[in-house]
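A structural walkthrough
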Amino acid sequence: MESPGPDTNRYTAARSSVIDSFKGCSIMSGPRIPKEELRRKITMPLYLRLAIRDAILSNNVAFGNHHHPLHASGEAVHSPESPLVVFINSRSGGRHGPELKERLQDLMGEQQVFDLQFVKPHEFVKYGLGCLENLADLGDTCARDAREKLKVVVAGGDGTVGWVLGSLGELHKEGREPVPATAIIPLGTGNDLSRSFGWGGSFPFNWKSAIKSSLDRATRGPICRLDSWIVSILLPNGEVVDPPHSLKPVEECFLDQGFEIDGELPEKMTCYEGVFYNYFSIGMDAQVAYSFHNLRNEKPYLAQGPIANKLIYSGYGCTQGWFFTPCMSDPSLRGLNNIARMYIKKVNSSEWEQISIPSSVRSLVALNLNNYASGRNPWGNLKPDYMEKRGFVEAHVDDGLLEIFGLKQGWHASFVMTELISAKHIAQAAVIRFEFRGGEWQEAYMQMDGEPWKQPMDKDYSTFVEIKRVPFQSVMIHGE
C-alpha cells in the first residue's frame, strides 16, 4: 500500500463524494431565478442571433451583415449583460437530451443553442465568432460588446467538453482574444471535467429548474484555468488501428530535440497528434476499454445503461487477464516494463530523467485532473512529509504537471477506485516521453480521456510517445 494520507482523509473523501453527488443532482437548490430576468441577461439581440446563424450556414462571416439594427423588425437593441451560447450533444443524457435542447431554446432563443449533430464547434468559432468580429470592425458596438462578454456552456460528457475546448483553443493560436470561458452541464457517464469545476457529476433530477440555475451560475461564476496536453506519436511504418476522433495523422511530429535516441530510426515514420484534458493511459485498462468500445459499436443494444456497461467492463477485465493472470502466461499479460521505457522532465528543468517502471505495473496513467473514473482520486491526499520525501507538490489542474501512477492488476485497481488505497505513485512531470519496442508484443493499447486505440509496435524500431503541455490554458467557469 502506498503512503497517501491518514485514514480520516479517506472517510472525509468518501463523505465529500456523497455531498458532491447530491449537489450534482441539484437536490440542494438555490433561490428561484425569474425566467424573464435570466432571458434578458443572456440573450443577444435578434439581429445578432440571425447574423451568426446565417454566417455559419453560409460559411461566410460577412453573410450576416444585412441583419443590421436599421433593418431589424422594430426591436430595441441593447447589449446583453452576459450573453451565452450553448453547445449540446442531444444524444447524451438518454431521453433527456432532446427535451433539454427544447428547454434551452425556450430560455434563450434557438439561434443561441447549437446541436453538435448539425453545427460543429470549429464552425461556430470560425464563422459565428467571426461574424461578431466582422460587425464590430464595421462599428457595431453591440456586436463588439457581445463578442467581448460572450461565454460558452457545454451540455455533454467529457468528450464533448474537450471537443469544444479544443476548438476554442484555436482562438489563442489566431490571436483572436478574448477566448470565451466555458461552463458545463453534465450529460456524460464519468463527467470528471464537470466534477473538477463544480458543475456536479450527473444530470440533475429536477433538471427543468436546475437548467436556469446552471445558466445563471455560468454568467457569474469565478474564472479559472485548465492545462491541456498534446500527445505526439511517432511510429515506424504503420498506422494506428481505429484511431479515435481526438487523434489525427499529421505530416511530422516535433519531438524534443534535446533527447538523444538510441539506435537508428527507419527512413519512413508515421506521426499522430491529439490533445487530452483529463488523462492518458497505457496498458491493461486501455485494452479493456478498447474491447468495450468495439462491442458498443458493433452491438449497441448490449450497452444501454451504466449498470450494463459496468458488467460488460468487469467481464472483459476477467477474460483478458486484468484480474486473473497465471504465472506462465502470454507476454501481453505481463508488466509494461517489458516493452516501455519512460523519461520525464520536471518543472523548470531542461534535463531528461529516466524513471523506472515497476515490474508489477500493468497500466500507467498520466493524470491532469483530481477526478478520474467518475470522481475517484487515485493519486490520493498525500501527507506533506511524504510529498517532501518523494519530491512531489500538491496537484492542481493548472500547475503544468501531470501525476503519473501505476495500477498493478484488477484487484489493485478495484481497491484504488474505492479509495481504500492509493495508486502506485511514480512521478510528477512537466514533459513525458515513452519509448516502446515490441519484441514478442505486436501491439499495445492506449487511451486518452476515455477514447482507446490499438497501437502497433515493431520488433526492430522504437515507437515514441511524447506528452507536453499546450502553451495556452483553457478558460473555465467554476460552478460553485
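Everything discussed here concerns the structure shown above.
Here's a quick rundown of the structure. Just so it is clear, the model here is predicted, and its values are computed rather than measured.

We now examine the packing of aromatic side chains. Using the criterion set out here, one finds 12 aromatic pairs in the structure. With a centroid separation of 5.4 Å and 55 degrees between ring planes, the pair formed by Tyr-290 and Tyr-445 is classed as tilted. You can see Tyr-290 sitting in helix H10 (residues 284–298) and its partner Tyr-445 sitting in strand E16 (residues 443–448), a full 155 residues away along the chain. Judged by its relative accessible area of 7%, Tyr-290 is buried. Taking the relative accessible area as the measure of exposure, Tyr-445 reaches 14% and is therefore buried. Judged by centre distance (5.8 Å) and plane angle (85 degrees), the rings of Tyr-372 and Phe-405 are edge-to-face. Note that Tyr-372 is positioned in the loop between strand E12 (363–367) and helix H12 (384–390) and Phe-405 in strand E13 (residues 402–407), a separation of 33 residues in sequence.

Our next topic: helix H7 (residues 158–174). Here H7 spans 25 Å end to end across 17 residues, near enough to the 24 Å set by a 1.5 Å rise per residue. Three or more residues of H7 are buried, namely Asp-158, Thr-160, Val-161, Gly-162, Val-164, Leu-165, Ser-167, Leu-168, Gly-169 and Leu-171. Following H7 by one or two positions, Gly-175 has its phi on the positive side, about 70 degrees.

Spatial strand order, E14-E13-E12-E9-E16-E17: 6 strands in an open sheet with antiparallel pairing. The strands lining the two open edges of the sheet, one partner per strand, are strand E14 (424–429) and strand E17 (451–456). For this sheet, the mean inter-axis angle between neighbouring strands, taken without regard to orientation, is 20 degrees. Pairing of strand E9 (residues 279–283) with E12, which is carried by 5 bridges, proceeds in the antiparallel orientation. Counterpart to Gly-283 in the pairing with E12 is Ser-363.

Burial analysis of strand E4 (residues 182–186) places 5 of its 5 residues in the buried class, which makes it a mostly covered element. Of the two faces of E4, the one carrying Thr-182, Ile-184 and Pro-186 and the one carrying Ala-183 and Ile-185 are both buried. Two elements, strand E3 (residues 151–156) and E4, share 5 bridges in a ladder whose sense is parallel. Across the sheet, residue Ala-155 finds its bridge partner in E4, namely Ile-185.

One pass over the structure, following the stated rule, counts 17 salt bridges. In this structure, Asp-106 engages Arg-39 in a salt bridge whose closest nitrogen and oxygen atoms are separated by 4.0 Å. Residue Asp-106 is found in helix H4 (residues 96–108), and its partner Arg-39 is found in helix H2 (residues 35–42); the two are separated by 67 residues along the sequence. The exposure class assigned to Asp-106 is partly exposed, which follows from its relative accessible area of 35%. Residue Glu-133 pairs with Arg-147 through a salt bridge whose shortest N-O separation is 3.0 Å. Of the two residues, Glu-133 sits in helix H5 (residues 121–137) while Arg-147 sits in helix H6 (residues 141–149), which places them 14 residues apart along the sequence. Put simply, Lys-35, Glu-36, Arg-39, Arg-103 and Asp-106 are held in one network by salt bridges that share partners.

A few words now on the side chain of Thr-43. Its place among the elements puts Thr-43 in the loop between H2 and helix H3 (46–58). A polar contact of 2.8 Å, which involves the side chain of Thr-43, links it to the backbone oxygen of Arg-39. In this structure Thr-43 touches Arg-49, Pro-80, Leu-107, Met-108 and Gln-112, once residues within four positions along its chain are discounted.

Parameters and conventions
- Residues numbered from 1 in each chain as written.
- Predicted model: local features only at pLDDT ≥ 70, side-chain atom pairs only at ≥ 80, totals over all residues.
- Heavy atoms only, no water.
- Phe/Tyr/Trp six-rings, centres within 6.5 Å; stacked < 30°, edge-to-face > 60°.
- Helix = DSSP H or I, 4+ residues; strand = E, 2+ residues; numbered from the N terminus.
- Buried < 20%, exposed > 50% of the residue type's maximum accessible area, 1.4 Å probe, protein only.
- Expected span 1.5 Å × (residues − 1).
- Pairing = 2+ DSSP bridges.
- Axes fitted to C-alpha atoms, helices over the stretch in contact; angles between N-to-C directions.
- Salt bridge = Lys/Arg side-chain N within 4 Å of Asp/Glu carboxyl O.
- Polar contact = N/O pair within 3.5 Å; in protein donor to acceptor, adjacent residues only side chain to side chain.
- Contact = heavy atoms within 4.5 Å.

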